[in-house]
Structure formats: structure tokens, C-alpha cells
Amino acid sequence: MTDHDLRPPRPSTSRGNKLAAAALLLALAAGGWYAWQRMQTPPTVAPPAPVSSAAPEAAPVSQPPEPAPAAAPAQPEGPQHPVAEPTQAGAPAPDAAGLEQAVSDWLGRTQVLKFVALQGLAHHIVATIDNLPRGHAAPRLWPLYPIGGRMLTQQTADGRLQIAPENSARYDAVVGFVASVDVVKAAALYRRFYPVLQQAYEELGYPGQYFNDRLVAVIDHLLQAPESAQPVALRLVEVQGSVAPQQPWLRYELADSQWQSLSAGHKILLRLGPGHAQTLKAQLRALRSQIATTRPGG
């Protein structure tokens, strides 16, 4: 599956700048995506067989994500969650370069080099958010650099493979960064640069649709992600062919077939561990309260 499979066809400044936090909260929630992406089935691998004995206990199971909103027809009632643009007399119109500069000024060079891929940031933000409820989110579209290292696993006494509890520590820094965000200030800067993100969303292939509505819907989707108090079970998928990868973690997937079918965003939160997932969900709720005009469910 290519990146183009994930999207609809396209038609032929100061230290207080906290926009990065608002626009990147969802992306930061995916700090462990790169390692997770390496767990996905290669194109030559046979479809997974259900393994009911490895299903996590006492954990809610989400259904496969709803499809992305259609590009047509236009909604006559307008945006469900309109963004009120700030009124600043004489302020220059926001643009993509201003967004990237705001992120760089706020984080500082060290943090930018550690976390954020600035080039094409607006496009990467909207594409990543749009893809989180889907089954796959293309790594090259992420606005963050991957977390290094390999996923930590453990074996049970009966030989079953699991994600080790210690694995969540690999994401302490990025989750701690999200937790430190002042969401009220972040939302204010989100509104300031909203036209840049709206334009990028329409260019992604959604002309006439409203990015903030999509963002609120994605937050609601992520808040429904299941959590497991037990280590998540894995399996090595069968390789069709004479040569198997030398790195076995390239063939990991979730042992429970229903969990394996979850959206990219749900699997990201699941593998970060319940503690980190709850931290991120708390920030997502706080962000939603700032950018949504209705409560969850209407």
C-alpha cells in the first residue's frame, strides 16, 4: 500500500508561540509510531490468523475505524466546529513559513532537531491527523522524527511473545513534552495559524471541507482507544518465500486479530502503555475543550 492509497485522489515568533503544541498534540501522541510501523506486515506476508488464546484480558475492543469523510457533497450548514480567527490589527497574514518559524522559535534549535521535521510542516500535520483513524499512517508524512531503538519484548513461561512493560519508557520524553504543554495558549496559536492548516487540508484532497471538524473527530476517535492493563501479546507472522528478514521484529503484529485491525491511532496509544495513553488522552480532552463547539456525542 502506498501513501496515495491513504488519501482521496487529488484534483489534476516569539517564545510564547505554542502553536506547535496545538497542531502537534495528535502527532506527538504517535511518538512511538516508527517502531510500531516496523511491526507491520511486509507486502509478502500472509494475512494473520486469529489467535484467541493471546487476546488481552478485560480490555474493551474497538471496531475498525470509520472511513474518512467523503469529499462530497458539501455540507450546507457549514462547519460543525468553526474556528474564530483572532483579530490583530496590522498583523501579517499567517503562512506556512510563519508556522515553521513559530515552531522553531518556541522549541528552540535543540528541541526542533530532536523532535520536529519543519519542512512542509503544515502538510505533514494535516496528513498525519487525517490518517490516524485509518488502518495505516505513512511514516514519511509524520511531522516528528522517529524514536530510535527497537521495541522491547518479553516471553511468557509458555513461550508467548509480549511487548515488555519497560518498552513504554522509550517514550517518556515525548509524552512528558506533551504533558507540559499549556493547552489554552496552544489553542490560541492554533487559531492564529488555522488558515494555513485549512489550506493544507484542502490541498490534501478535501476541497470545501473543514479541518477543525476533522481534528475534533480524530480526537474523539483517539479518546475511544482501548487500554490493556496486561502486556500486549504479539506474534511473528508467517513469511512466504525462501528468505525471512534477519530482524524478527520486522514481522511482529498484535496476536489478537481484532486488535490488529484497529486504526493506526488506536494501536499507537495501545502500545505506548496505559500510563502514557491516559496522559495523552487527558491533553487531547483539554485541547478538544478549546477547539470544539459541542461536547462529544453532540
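Residues numbered from 1 in each chain as written. Predicted model: local features only at pLDDT ≥ 70, side-chain atom pairs only at ≥ 80, totals over all residues. Heavy atoms only, no water.

On to helix H10 (residues 264–272), then. Of all the nine residues making up H10, nine are buried; the element is thus mostly covered by neighbouring parts of the structure. Positive phi appears at Gly-273, one or two residues downstream of H10, with a value of about 100°. (Buried < 20%, exposed > 50% of the residue type's maximum accessible area, 1.4 Å probe, protein only. Helix = DSSP H or I, 4+ residues; strand = E, 2+ residues; numbered from the N terminus.)

The subject of this paragraph is the sheet that holds strand S3 (residues 233–236). Pairing is antiparallel across the open sheet formed by four strands, whose spatial order is S1-S2-S3-S4. Bordering the open sheet on either side are strand S1 (153–155) and strand S4 (252–254), each of which pairs with just one other strand. The average angle at which neighbouring strand axes cross in this sheet is 45°, direction not considered. Two elements, strand S2 (residues 161–163) and S3, share two bridges in a ladder whose sense is antiparallel. Residue pairing across strands places Leu-161 opposite Leu-234, the latter belonging to S3. (Pairing = 2+ DSSP bridges. Axes fitted to C-alpha atoms, helices over the stretch in contact; angles between N-to-C directions.)

The full count for this structure, using the stated rule, is five aromatic pairs. With centroids separated by 5.3 Å and ring planes inclined at 50°, the aromatic side chains of Tyr-194 and Tyr-210 adopt a geometry described as tilted. Taken together, the positions of Tyr-194 in helix H7 (residues 194–203) and Tyr-210 in the loop between H7 and helix H8 (211–223) put the pair 16 residues apart, joining distant regions of the chain. Three or more aromatic residues joined by ring pairs form one cluster here, namely Tyr-190, Tyr-194, Tyr-201, Tyr-206, Tyr-210 and Phe-211. (Phe/Tyr/Trp six-rings, centres within 6.5 Å; stacked < 30°, edge-to-face > 60°.)

Moving on, we come to the confidence of the model for the protein. In this model, the protein carries an average pLDDT of 74, and 62% of its residues clear a pLDDT of 70 or more. Within the protein, no element has a lower average pLDDT than helix H2 (residues 33–37), which sits at 38, and none a higher one than H8, at 97. Contacts for the low-pLDDT stretch residues 1–24, under 50 throughout, to residues beyond four places or in other chains number 59 contacts. (pLDDT = per-residue confidence, 0-100. Contact = heavy atoms within 4.5 Å.)

Moving on, we get to H8. In this model, H8 (13 residues) spans 18 Å end to end at C-alpha, consistent with the 18 Å of a helix rising 1.5 Å per residue. Most of H8 sits inside the fold, with 12 of its 13 residues counted as buried. For H8, the complete set of buried residues consists of Phe-211, Asn-212, Asp-213, Arg-214, Leu-215, Val-216, Val-218, Ile-219, Asp-220, His-221, Leu-222 and Leu-223. (Expected span 1.5 Å × (residues − 1).)

Core analysis: the biggest nonpolar cluster contains 52 residues, and Leu-99, Tyr-190, Leu-197, Phe-211 and Ile-291 have the highest contact counts within it. Listed by contribution, the elements that provide at least two residues to this core are helix H3 (96–115), helix H4 (121–131), helix H5 (172–179), helix H6 (183–192), H7, H8, H10 and helix H11 (274–291). Per element, the largest residue contribution to this core is seven residues, and it comes from H8. Counting residues in each nonpolar core, the second largest holds 10 residues, with Met-151, Leu-254, Trp-259 and Leu-270 among its members. (Core = buried A, V, L, I, M, F, W, Y, C linked by side-chain atoms within 4.5 Å.)

Another point: the pattern of salt bridges. Where charged atoms of side chains with opposite charge meet at close range, the side chains can pair. Here the structure, examined in full by the defined rule, presents six salt bridges. In the salt-bridge network here, residues are joined through shared partners; they are Asp-130, Arg-134 and Arg-214. (Salt bridge = Lys/Arg side-chain N within 4 Å of Asp/Glu carboxyl O.)

Another aspect to go through is the packing of H5 against H11. At a minimum axis distance of 9 Å, the contact between H5 and H11 shows a crossing angle of 25°. Comparing their axes, H11 and H5 come out roughly parallel. In this structure, H5 meets H11 at a crossing whose hand is left-handed. Facing H5, whose interface residues are Asp-172, Val-175, Val-178 and Ala-179, H11 presents His-276, Thr-279, Leu-280 and Gln-283. Counted by class, the contact of H5 with H11 contains four nonpolar, three polar and one charged residues. (Parallel < 35°, antiparallel > 145°, perpendicular 65-115°, else oblique. Left-handed = near helix turned anticlockwise from the far one by under 90°. Nonpolar A, V, L, I, M, F, W, Y, C, P; charged D, E, K, R; others polar.)

Below, the discussion takes up the packing of H6 against H11. To characterise two packed helices, one gives the angle between the axes of the helices and the distance between these axes. Contact pair H6 / H11: the axes reach a minimum separation of 9 Å and the direction vectors enclose 50°. Taken as axis vectors, H6 and H11 run oblique relative to one another. When the axes of H6 and H11 are compared, the crossing they make is right-handed. Contacts between H6 and H11 involve Val-183, Val-184, Ala-187, Tyr-190 and Arg-191 on the former and, on the latter, Gln-283, Ala-286, Leu-287, Gln-290 and Ile-291. Looking at the contact of H6 with H11 residue by residue, the classes come out as seven nonpolar, two polar and one charged.

Our focus in this paragraph is the environment of Arg-214. Checked against the element boundaries, Arg-214 lands in helix H8. With a relative accessible area of 8%, Arg-214 lands in the buried category. Between the C-alpha atoms of Arg-214 and Asp-130, which are 84 residues apart in sequence, the distance is 7.1 Å.

Moving on, we get to the side chain of His-266. With respect to the helices and strands, His-266 occurs in helix H10. Under the relative-accessibility criterion, His-266 is labelled buried at 1%.

Further remarks concern the pairing of S3. Two strands pair when backbone bridges link them, and S3 and S4 are joined in this way by three bridges, in the antiparallel orientation. Opposite Arg-235, over in S4, you have Glu-253 as the bridge partner.

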